[in-house]
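# Coordinate inspection notes
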Amino acid sequence: MSGSTGPAGRALVVIDMINTYDHPDAELLIPSARRVVPVVADLIRGARDTGVPVIYANDNFGLWRSHHGELVETARTGPHGDLVEPIRPEDDSLFVVKARHSIFYETPMTYLLAQLGVDHVVLCGQVTEQCVLYSALDAHIRHLDVTVPRDAVASIHPRLEEAALEMMERNMGARVVRAKETGLTG
């Protein structure tokens with residue numbers, strides 16, 4: 001179940017994968033997203049199967065009247081719905097709507113993680129050199145352990161992605177591993 005406290009206080013956070021891909025740089029992001037969707041889907045399945053909470057943290061695309069169901073439906077039925085369908089939230093999924101890069105900025109994420117007893121976040125999604133990086137930094141300054149599966153994050157600029165992953169590892173103490181090393185995949 002996605003709302004229960006997971007083994008060892010972990011949670012899988014899926015960042016900005018509910019996406020219409022109707023934004024600047026989308027054409028640069030789509031090939032990378034297409035590569036990671038199957039890996040993210042496997043992580044979600046594995047987390048659910050082992051009782052690790054799955055939390056979707058997603059931009060609202062400036063639609064302040066939107067709720068997560070509307071965001072999911074708009075992305076799922078859009079021209080790139082094939083990138084959303086395999087990873088779409090279940091009805092009981094936890095969903096945090098965000099307005100800026102970090103999953104923590106002006107969101108209830110810190111409170112939610114505390115309520116779930118989570119002290120270790122596994123971050124996947126997009127964009128590595130933006131939202132994933134800033135979320136890892138904010139998790140680090142909140143004294144949370146961070147794991148980033150390098151094959152489950154999508155980028156716009158591969159060179160910046162490598163730099164971002166190195167920064168997360170060196171500066172934030174994040175474990176940067178393959179998805180199969182998270183213990184959440186089959």
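Residues numbered from 1 in each chain as written. Predicted model: local features only at pLDDT ≥ 70, side-chain atom pairs only at ≥ 80, totals over all residues. Heavy atoms only, no water.

In this section: the overall build of the protein chain. Scanning the protein chain from terminus to terminus reveals five helices and seven strands. Listed N to C, the secondary structure of the protein chain is β-α-β-α-β-α-β-α-β-β-α-β in terms of helices and strands. Its C-alpha atoms give the protein chain a radius of gyration of 15 Å, near enough to 16 Å, the size a compact globule of 186 residues would have. Its C-alpha atoms put the protein chain at 40 × 35 × 35 Å along the principal axes. Taking all 186 residues of the protein chain together, the buried fraction comes to 55%. Contacts spanning at least 24 positions in sequence make up 83% of the contacts within the protein chain whose residues lie at least 6 apart. Carbon and sulfur atoms make up 52% of the accessible area of the protein chain, which totals about 8600 Å². Across the protein chain, the mean location of the 17 positive side-chain charges is 3 Å away from that of the 25 negative side-chain charges. (Helix = DSSP H or I, 4+ residues; strand = E, 2+ residues; numbered from the N terminus. Rg over C-alpha atoms; globule rule 2.2 N^0.38 Å. Buried < 20%, exposed > 50% of the residue type's maximum accessible area, 1.4 Å probe, protein only. Contact = heavy atoms within 4.5 Å. Areas by Shrake-Rupley, 256 points an atom, 1.4 Å probe, with all protein chains shown as cover. Lys, Arg positive; Asp, Glu negative; His and termini not counted. Charge placed at Lys NZ, Arg CZ, Asp CG, Glu CD.)

Moving on, we get to helix α3 (residues 109–116). What α3 keeps buried is the set M109, L112, L113 and L116. For α3, the buried positions fall inside an angular range of 95° around the axis, keeping them on one side. Turned more than 90 degrees away from the buried face of α3 sit Y111, A114 and Q115, all of them exposed. Its buried side turned inward, α3 meets β1 (10–15), β2 (54–59), β3 (94–98) and β4 (120–126). Just downstream of α3 lies G117, where phi reads positive at about 75°. (Arc of directions from axis to C-beta.)

With that settled, the discussion passes to the pairing of strand β5 (residues 145–149). Among the five residues that make up β5, four are buried, leaving the element largely enclosed by the rest of the structure. In this sheet, β5 lies alongside β4 in parallel orientation, the contact comprising three bridges. Within β5, the residue paired with H120 across the bridge is D145. For β5 and strand β7 (residues 175–177), the ladder comprises three bridges, and the chain directions are parallel. Looking at β7, one finds that P149 is bridged to V177. (Pairing = 2+ DSSP bridges.)

This next bit is on the packing of aromatic side chains. For the structure on display, the rule yields one aromatic pair. Judged by centre distance (6.2 Å) and plane angle (10°), the ring pair of Y56 and F95 falls under stacked. Separated by 39 residues along the polypeptide, Y56 in strand β2 and F95 in strand β3 bring together distant segments of the chain. Just as Y56 is buried, F95 falls in that class too. (Phe/Tyr/Trp six-rings, centres within 6.5 Å; stacked < 30°, edge-to-face > 60°.)

The step from Q126 to V127 runs through a cis peptide bond, and the omega angle for that step is 0°. Among the structural elements, V127 can be located in the loop between β4 and α4 (128–141). Here D25, not a glycine, exhibits a phi torsion of approximately 75°, which is positive. Here D25 is to be found in the loop between β1 and α1 (26–49). You can call D25 partly exposed: its relative accessible area is 37%.

On to the confidence of the model for the protein chain, then. Averaged over every residue, the pLDDT of the protein chain is 91; the share at 70 or more is 91%. Between residues 1–5, whose pLDDT stays under 50, and residues either more than four places distant or in other chains, the model counts 16 contacts. (pLDDT = per-residue confidence, 0-100.)

On to the side chain of S93. Of note, S93 is situated in the loop between α2 (68–76) and β3. In this structure the side chain of S93 is engaged in a polar contact, spanning 2.8 Å, whose partner is the backbone nitrogen of E90. (Polar contact = N/O pair within 3.5 Å; in protein donor to acceptor, adjacent residues only side chain to side chain.)

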